[in-house]
Amino acid sequence: MAEPISVSAPISGTERTMSFETGKLAPLADGAVLGRIGDTILLATAVAARTVRAGIDFFPLTVDIEERTYAAGRIPGSFFRREGRATDQAILTARLIDRPLRPSFPSGFRNEVHVVVTVLGADQVNPHDVLAINAASAALMVSGIPFDGPIGAVRIAFDAHGQWIPHPSYQEGDASAFELVVAGRALGDDPDADVAIMMVEANGTEGSWDLYAQGAPRVTEEVLADGLEAAKRWIRESIVLQRRLVEEFVAQRGPIEQIAFESFSDYGTDVFERVAAIGTETLKAANATLGKAERSAALDEATASIVAALAPEFEGREPEIRAAVRALTKKIVRERIVNERIRIDGRGPSELRPISCEIDLFPTAHGSSLFQRGETQVLNVTTLAMPRMNQLLDTISPDETKRYMHHYNFPPYSTGETGAMRGPRRREIGHGLLAERALLPVVPSQEEFPYALRLVSDVLASNGSTSMASVCASTLSLMAAGVPIKAPVAGIAMGLVHEGDAYVTLTDILGAEDAFGDMDFKVAGTADAVTALQLDTKIDGLPAEVLAQALRQAKEARLKILQIMHDTIAAPRTEVAPSAPKIISMEIPIDKIGEVIGPKGKVINALQVETGAEISVDDNGVVGTVTIASKDAGAVAEAQRRISFILEPPTAEIGAVYAGKVVNITSFGAFVNLLPGRDGLLHISKLSPLAAGRRVERVEDVLTLGQPLEVRVDDIDPAGKVSLSLARPPEGSPSGDEAVADRPRSADQQAGVRSTPSGTPVVSFEEVFEAELVADLGDLGPGPVGVEGRSAGNGRRRTRQRRR
């Protein structure tokens, strides 16, 4: 087995070390690197096809994350006990890797590339996602695949003291107010060269607002800009380490053989020149058409006319003509924005499209809203449920449950197209998680609002930034549902067009502006803090002043949107909808959990049946939590009242009479519930009134579970145990004769065997016969004097006439 080539370096500002190793594992892959921080270890591999698939007109890059549960010392919780489809976290990590890598391949490169990251060790301290970006870049660097790298990445956390912590642990991230993942590449070979930011993924944490309330600095646009600059230091460190790995590899194994490839162009220069000559004015007129559908129709008509005019000249090159038309359209759009400051739909760079908001669309929904911005329309519905509906997470991270869930759907009809609908795709999962993270900092804690929350955003029409429209619709829906969010959140998508020395920032970009521009920049936040940010650039280097301007422009738009949302609903409703469950949560001592649940769940089940409320009990090892839910607020209040009595039972008074109910039967008596949480013992010796004064041998002969009884409190001992007696026999209770007759008989009794006071057994077949008659015909009355017998009715000796 070959000796590995390893490099490592400390992460400045921490006690951690990042290391890369290659040359030992996965030797048949073009590139394979083992990355490590702490005991989090992963293997990144990169493989490229040597030929191009026929007819392909794009760069087919695929990134997969394989989260092995053995990495965390676990067995998968699924039925088959093996890993299945990728988790949401794995999909998000794959997207984090794809976004900075994809623009780093040469233009015209069409060979299929597959990057696979397999997580081998997860120490529950160091996250693996940022390490995966660095290791994937390193694997490409030693693979010979054409790649303009290396790409470095870092996560930094903004702590309560206003400091940025590099590569934070899970625990440090949870304790911070904001987390920022940044990836970029160096603009030169110098170790101190500037870094071009290529990708940003950022969001507030669950505890952001609590930290702000305690005096921590808020994350504003200025703080974010400083964070992006600070991140460059650790991005450089990763880039330097990857270059060292390449140098060590070359020194020990020789030069890296570069993979030969053919560069493809969508169109020839001659085709583009002819398209520009005959189609520029036609395409300018088509692009000036307002309305997405109308503009698309005009562009289709212009494209068709240009193709028809040039097809005879460029026989067999129709795909090139169409590609040249698209390239010319992009050029026209960009020049108009830069030179005239006029966008596709006629707006200026900082103008918002018309916005409208509605709430309470469906009477059965717990909360609903419709948010529309221009031709983008998103419907959002909030559903509230018991905490037991929290999502269980079967992942390799420390998180085990998720309480706040946001799901995003993007059906093909939203763009006026047909298509297959086979579950959420990666893009839908990524957009849904972005909107989820944007709202997470303002969602109340479970202690404040004991509900599980699921929000669904259905995109009904799309022309730019449906993810940010989902953020706005989510806020409206939550407020309409009565969820006491900390503050309303709105989101906006920004764009950028860069030509020469000119940078034009665009507010509220259209779908076409996203495709034709140089930056996709989404920002979500409240009026005074940023809660989420996502940025992807296609240019090398984003000047700090350009980024600052984009952030300021985004805040101006966000404040305008927040005002429109405020006009629709100013604050969260004080009560949940009538259709929503009414839920309360109460903490109880952990040693009282058993009393609330009862033996085999008898107490909690009885409470649920009798009150109609749904009750669940949980604990965190220190304190118990009881959650009560019902659509009927009265049922919730009654269940809470009864549980309160269990926790602090009311005191019974000696001599008082109570209407109770038999809740347990034992060999020595019956336990009767007098008051909520307070039972007393009715000893078997005190049950003779139920058997006409006779001694009762089995409690079950005279009492049944659930039977109502009026009992008197005779005594309460120092331990609080209550001794009871019957106040009066219950109505309809059997007489003594009936009680004894109905009582199950022993085998000896059935055979007519009884004992004398001295213990001598006496056998009487007559008594057996008479007992059978009484069972069939009832009491036959007293017999004549002089005939011995035993009445089956009351057991006393009496005379009875023999019947023949």
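In short, a report on the structure.

Cut-offs applied
Note on numbering: residues in each chain are counted from 1, in written sequence order. Whole-chain, interface and lining totals are the exception, using all residues; otherwise, since this is a predicted model, local features are given only for residues with pLDDT of at least 70 and side-chain atom pairs are given and counted only at 80 or more. To obtain the side-chain values, all non-hydrogen atoms of the structure were used and water was disregarded. Here the nonpolar core consists of buried residues drawn from Ala, Val, Leu, Ile, Met, Phe, Trp, Tyr and Cys, with membership extended through side-chain atoms lying within 4.5 Å. The buried label applies to any residue whose accessible area, calculated with a 1.4 Å probe on protein chains only, is under 20% of its type's maximum; exposed applies above 50%, and partly exposed to all values in between. Runs of E in the DSSP output that reach at least two residues are strands. Runs of H or I that reach at least four are helices, and both are numbered from the N terminus. Residues count as neighbours in contact if any of their non-hydrogen atoms are within 4.5 Å of one another. Strands pair, by our definition, only if DSSP identifies at least two bridges between them. An axis is simply a line fitted to the C-alpha atoms; with a helix, the fit covers only the stretch in contact. Between two such axes, the angle follows the N-to-C directions and lies from 0 to 180 degrees. Any angle between 65 and 115 degrees counts as roughly perpendicular, while under 35 counts as roughly parallel, over 145 as roughly antiparallel, and the rest as oblique. Crossing handedness follows the turn of the near helix against the far one: under a right angle anticlockwise gives a left-handed crossing, and clockwise gives a right-handed one. Polar here means any residue other than Ala, Val, Leu, Ile, Met, Phe, Trp, Tyr, Cys and Pro, which are nonpolar, and Asp, Glu, Lys and Arg, which are charged; Gly is therefore polar. For patch detection, residues must exceed 30% relative accessible area and be free of salt bridges, and they are connected within 9 Å for like charges or within 5 Å for nonpolar side chains (Val, Leu, Ile, Met, Phe, Trp, Tyr). Per-residue accessibility takes into account occlusion by the displayed protein chains alone, with areas from the Shrake-Rupley method and a 1.4 Å probe. We count a salt bridge whenever a side-chain nitrogen from Lys or Arg sits within 4 Å of a carboxyl oxygen from Asp or Glu.

1. Some words on the nonpolar core
So, point 1. Phe105, Val113, Leu180 and Phe521 are the most contacted members of the largest nonpolar core, which totals 139 residues.
So, point 2. Tallying contributions element by element places helix α5 (residues 221-253) first for this core, with eleven residues.
So, point 3. Apart from the residues lying within four places of it in its own chain, the contact partners of Val113 are Val47, Ala48, Phe59, Pro60, Leu61, Thr62, Phe105, Leu140 and Ile145.
So, point 4. Grouped together as the second largest cluster of nonpolar side chains are 23 residues, Ile684, Leu687, Val711 and Leu724 included.

2. Quick notes on the sheet that holds strand β16 (residues 404-409)
So, point 1. The five strands lie next to each other as β11-β12-β13-β17-β16, forming an open sheet whose pairing is mixed. Each edge of the open sheet is held by one strand with a lone partner, namely β11 (355-359) and β16. Put simply, the sheet's adjacent strands are angled 15° from each other on average, direction ignored.
So, point 2. Where strand β13 (residues 376-385) meets strand β17 (residues 452-461), nine bridges bridge the pair, whose relative direction is antiparallel. By the bridge assignment, Leu384 is partnered in β17 with Leu453.
So, point 3. Helix α12 (residues 544-568) contacts β11 and β12 (367-373) of the sheet and is inclined by roughly 35° relative to β11.

3. A look at the pairing of strand β20 (residues 519-525)
So, point 1. Within β20, seven of the seven residues are buried, which leaves the element mostly enclosed by the surrounding structure.
So, point 2. By the alternation rule, side chains of β20 split into Met519, Phe521, Val523 and Gly525 and Asp520, Lys522 and Ala524, which are all buried.
So, point 3. As judged from the seven bridges shared by strand β18 (residues 490-499) and β20, these two strands associate in the antiparallel manner. Considered in β20, the bridge of Ala493 is made with Lys522.
So, point 4. Relative to strand β21 (residues 530-537), β20 runs antiparallel, the two sharing seven bridges.

4. Examining the packing of helix α6 (residues 269-287) against helix α7 (residues 292-310)
So, point 1. Packing of α6 against α7 brings their axes to within 9 Å, and their N-to-C directions diverge by 160°. Judged on the interaxial angle alone, α7 and α6 are roughly antiparallel. Where α6 crosses over α7, the two elements pack in a sense that is right-handed. Between α6 and α7, the contacting residues are Arg274, Val275, Ile278, Gly279, Thr282, Leu283, Ala286 and Asn287 on the first element and Arg295, Ala298, Leu299, Ala302, Ser305, Ile306, Ala309 and Leu310 on the second.
So, point 2. Looking at side-chain class alone, the contact of α6 with α7 contains ten nonpolar, four polar and two charged residues.

5. Details of a nonpolar patch on the surface
So, point 1. Taken together, Leu25, Tyr70 and Leu120 make up a surface patch of nonpolar side chains, about 260 Å² in accessible area.
So, point 2. Among the secondary structure elements, Leu120 is positioned in strand β6 (residues 113-121).

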